[in-house]
Amino acid sequence: MKLPVVSTYMDPERRRFLRLSAIGAGSLLAGCASLSADEDASTDDDEPLQIDDWQHDPQLMTESGASGGSLQSSADSADLGFAAGGAKNVADFRRNVEEGYLPVPESLPYEGLFYNYYFDTGGSGECTSLFCPSYATAITEDPIAETTDRYVTVGLNSTLDTDSFERKQLNVVIVLDISGSMGAQFDQYYYDRFGNKHTVEEGGTRSKMAVAKDALVALTEHLQPDDRLGIVLFNNEASVAKPLRDVESTDMDAIRGHIREDIQAGGGTNIADGMSEAADMLGEYSDSDPTEVETRQIVITDAMPNRGQTGDQALQDRLAGYAEDGIHTSFVGVGVDFNPELVDQITAVRGANYRSVHSADAFESYLGEEFEYMVTPLVYDLTVELDAPDAEIDTVYGSTAAEDATEELLEVNTLFPSPTADGETRGGVVLVKLAGQTRGADLTLRASWEDRSGSTDQTTASIEFPDENPESFGNTGIRKAILLARYADLLKNWMVYERDPDRIDVTADDAVTAPPEDLPLGEWEQQSQSLSVSKPYVSRMETFRAYLEQEAEAIGDEGLDREVETLATILEAA
């Protein structure tokens, strides 16, 4: 018998009533199952009953949507530091270059690039509280214009180590995008530069949907028995596929089977509706003790909203409101056409972070090495105030709140634990470019922050800026941060120039500076554009490549060779 077509709209109150009814029915059936189990002499009374509470009907969801367009183990304890929230990699930028596409500027976030590297934070090793900022200075010439720049880093140090660190109990709802664009091949754009959809060919590379389902299955493997898991699926609208329930009493093997078999891509993209359903589910636990429990939604998507609430500011306000209610948000971007413009904007709030993945293996690596840290924010609302008679803050690199900086104050919304190696911390600095008279000046830096319990702390440090000529670096950490910030500035401006030369007034010999702050956000549905390099950026990139190679050798980090290779790949398009 043919099933009736279900309307794409359902009153929210009715949907919530049906969802709660389903949960109640599941509990009732669980009770009946428990009674039956008690009567079965072969049942081990010591084993908890496990429930398959999946309630997603793939046929109904597809018909409805079609009407619209763990901590890494180690034998020895290791120290931990901190890294800023926001982006956790630049995989989207790298993959676009590799595939011959012109990336968008937001695909190269400074904090994401920093998180690819380990930094000497300048810490003295005498930290006695959860968080201890440290500072280093540098004087260096611009590699192209030979003007002199001055910088300070804020080192993000901690007393944590892997023995003392323990992830909080997790209440998590996975919000999975099952829209039509998720059916596209993983390494192709769903829309070309003219706005035409690419046809998804059978038998080609794996689809974004396939990789996203693998990612979701892999994530469930890292949950503990006392964690709670829920799943929301969204296309034109959202539905609860799995109510929020503790892992111990859930038949996780059955849930993984449903994820692999029952989820299909189709319809539009209503991210806001998906997050709203997740917030409804998590709301019951949003007042949990933050020192013991983390309440978080993890959105897996290519970030191309075209239904419901799509504005970046409205979505950011939504996430900020959730954060105020104790619900934090992570985004996992999938596909070469993942839209970092939107996600970079809306995750600049307390407790938020994001990363992009381009294979199930990459996501599994992320889960194994970083998941425990990235669902455990520990420091909030870090501010550093600069008190100097003739110096001021010019530009901040490595903070999602960089645009909110003033001449005297910088902000970092959230700090997450971060691994260390050989005394250096992954992503463990925020870089500040200074303006005004700093040579030989005394700088006073006042830092204040809040921890998970709501307690506040602060420190004050005085440093004397060196009365020296370029090149002078307090340590290799600040030298590496300056190199990477200049690299990102150069490439961000190039990406803008290739799309709209009138927005960037530049010659081959101009200094490397931050891109314009008033860049307009494009359409959320990403459109492909072939990799290209126009004059004067051929000359600028060639000059910078020589500087990059020289600095990489001086710093002694072989990982920087990947940036040399990226520049070479880009220049091949010239």
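Residues numbered from 1 in each chain as written. Predicted model: local features only at pLDDT ≥ 70, side-chain atom pairs only at ≥ 80, totals over all residues. Heavy atoms only, no water.

### Quick notes on the overall build of the chain
A tally of helices and strands in the chain yields 13 helices and 19 strands. The buried share of the chain, reckoned over its 574 residues, is 55%. Roughly 23,600 Å² of accessible area belongs to the chain as shown, and the carbon and sulfur atoms make up 43% of that amount. (Helix = DSSP H or I, 4+ residues; strand = E, 2+ residues; numbered from the N terminus. Buried < 20%, exposed > 50% of the residue type's maximum accessible area, 1.4 Å probe, protein only. Areas by Shrake-Rupley, 256 points an atom, 1.4 Å probe, with all protein chains shown as cover.)

### Digging into the environment of threonine 543
Relative to the elements of secondary structure, threonine 543 occurs in helix H12 (residues 537–555). Between the C-alpha atom of threonine 543 and that of isoleucine 144, which follows or precedes it by 399 residues, the distance is 6.8 Å. Once residues lying within four places of it in the same chain are set aside, the contact partners of threonine 543 are Pro143 and Ile144. (Contact = heavy atoms within 4.5 Å.)

### Re the side chain of asparagine 475
In this structure, asparagine 475 sits in the loop between strand S19 (472–473) and helix H11 (476–499). Of the residues examined, asparagine 475 reaches a relative accessible area of 12% and is grouped as buried. When near neighbours in sequence (up to four residues on either side) are disregarded, asparagine 475 contacts Asp120, Thr121, Gly122 and Ala136.

### Some words on the confidence of the model for the chain
If pLDDT is low for a region, its predicted coordinates should not be looked at in detail. Overall, the prediction assigns the chain a mean pLDDT of 82, with 80% of residues at 70 or greater. Contacts for the low-pLDDT stretch residues 62–75, under 50 throughout, to residues beyond four places or in other chains number 34 contacts. Counting interchain partners and residues more than four positions distant, the pLDDT-below-50 stretch residues 521–525 has 17 contacts. (pLDDT = per-residue confidence, 0-100.)

### Observations regarding the sheet that holds strand S5 (residues 148–158)
Overall, antiparallel pairing links the five strands, which are arranged S13-S16-S5-S4-S19 in an open sheet. Unpaired on one side and paired on the other, strand S13 (391–397) and S19 mark the two borders of the sheet. Sheet analysis places strand S4 (residues 131–141) next to S19, joined by two bridges and oriented antiparallel. Residue isoleucine 139 lies in a different strand from S19, and its bridge partner there is serine 472. (Pairing = 2+ DSSP bridges.)

### Description of the state of the cysteines
Taken as a whole and assessed by the stated rule, the structure comprises one disulfide. Two residues, cysteine 127 and cysteine 132, share a disulfide whose sulfurs are 2.0 Å apart. Given an S-S torsion of about 80°, the disulfide between cysteine 127 and cysteine 132 has right-handed geometry. The exposure class of cysteine 127 is partly exposed, given its relative accessible area of 22%. (Disulfide = S-S within 2.5 Å.)

### Focus on the sheet that holds strand S2 (residues 86–87)
Pairing is mixed across the open sheet formed by seven strands, whose spatial order is S2-S11-S10-S9-S6-S7-S8. In this open sheet, the two edge strands, each paired with only one partner strand, are S2 and strand S8 (238–246). One ladder, built from six bridges, connects strand S9 (residues 293–301) with strand S10 (residues 328–334); its direction is parallel. When the bridges of S10 are listed, threonine 301 appears paired with glycine 333.

### Focus on the environment of aspartate 246
Mapping aspartate 246 onto the fold places it in strand S8. Judged by its relative accessible area of 26%, aspartate 246 is partly exposed. In contact with aspartate 246, not counting residues within four places along its chain, are Pro225, Asp227 and Arg228. Within polar-contact distance, the side chain of aspartate 246 engages the side chain of serine 249 at 2.8 Å. (Polar contact = N/O pair within 3.5 Å; in protein donor to acceptor, adjacent residues only side chain to side chain.)

### Some points on the packing of aromatic side chains
Counting across every chain of the model gives eight aromatic pairs. Geometrically, the ring pair formed by tyrosine 497 and tyrosine 537 is tilted, given 5.4 Å between the ring centres and 55° between the ring planes. Of this pair, tyrosine 497 sits in helix H11 while tyrosine 537 sits in helix H12; the two residues are 40 residues apart in sequence, bridging distant segments of the chain. Among the aromatic residues, ring-to-ring pairing joins Phe82, Phe131 and Trp449 into one connected group. When the ring centre of tyrosine 380 is taken as origin, the NZ or CZ atom of arginine 350, which lies over that ring, is 3.8 Å away. Lying across the ring of tyrosine 110, lysine 492 places its NZ or CZ 5.0 Å from the centre. (Phe/Tyr/Trp six-rings, centres within 6.5 Å; stacked < 30°, edge-to-face > 60°. Lys NZ or Arg CZ within 6 Å of the ring centre and 35° of its normal.)

### Things to note about the side chain of threonine 295
As for its position among the elements, threonine 295 is in strand S9. With residues up to four places along the chain from it excluded, the contact list for threonine 295 reads Asn171, Leu282, Tyr285, Gly326, Ile327 and His328.

### Re the environment of serine 539
Within the element layout of this structure, serine 539 appears in helix H12. With a relative accessible area of 33%, serine 539 lands in the partly exposed category.

### Side note on the pairing of strand S14 (residues 409–421)
Of the strand pairs in this sheet, strand S1 (residues 80–84) and S14 are connected by five bridges, and their pairing is antiparallel. Looking at S14, one finds that alanine 83 is bridged to phenylalanine 416. In this sheet, S14 lies alongside strand S12 (residues 379–387) in antiparallel orientation, the contact comprising six bridges. In the strand pairing of S14, threonine 383 is matched with glutamate 411. Strand direction decides the pairing type here: S14 and strand S15 (residues 424–426), joined by two bridges, are antiparallel. Opposite threonine 420, over in S15, you have threonine 425 as the bridge partner. Hairpin geometry of S14 and S15 is characterised by an intervening segment of two residues between the two adjacent antiparallel strands and by a positive phi of about 55° at aspartate 422.

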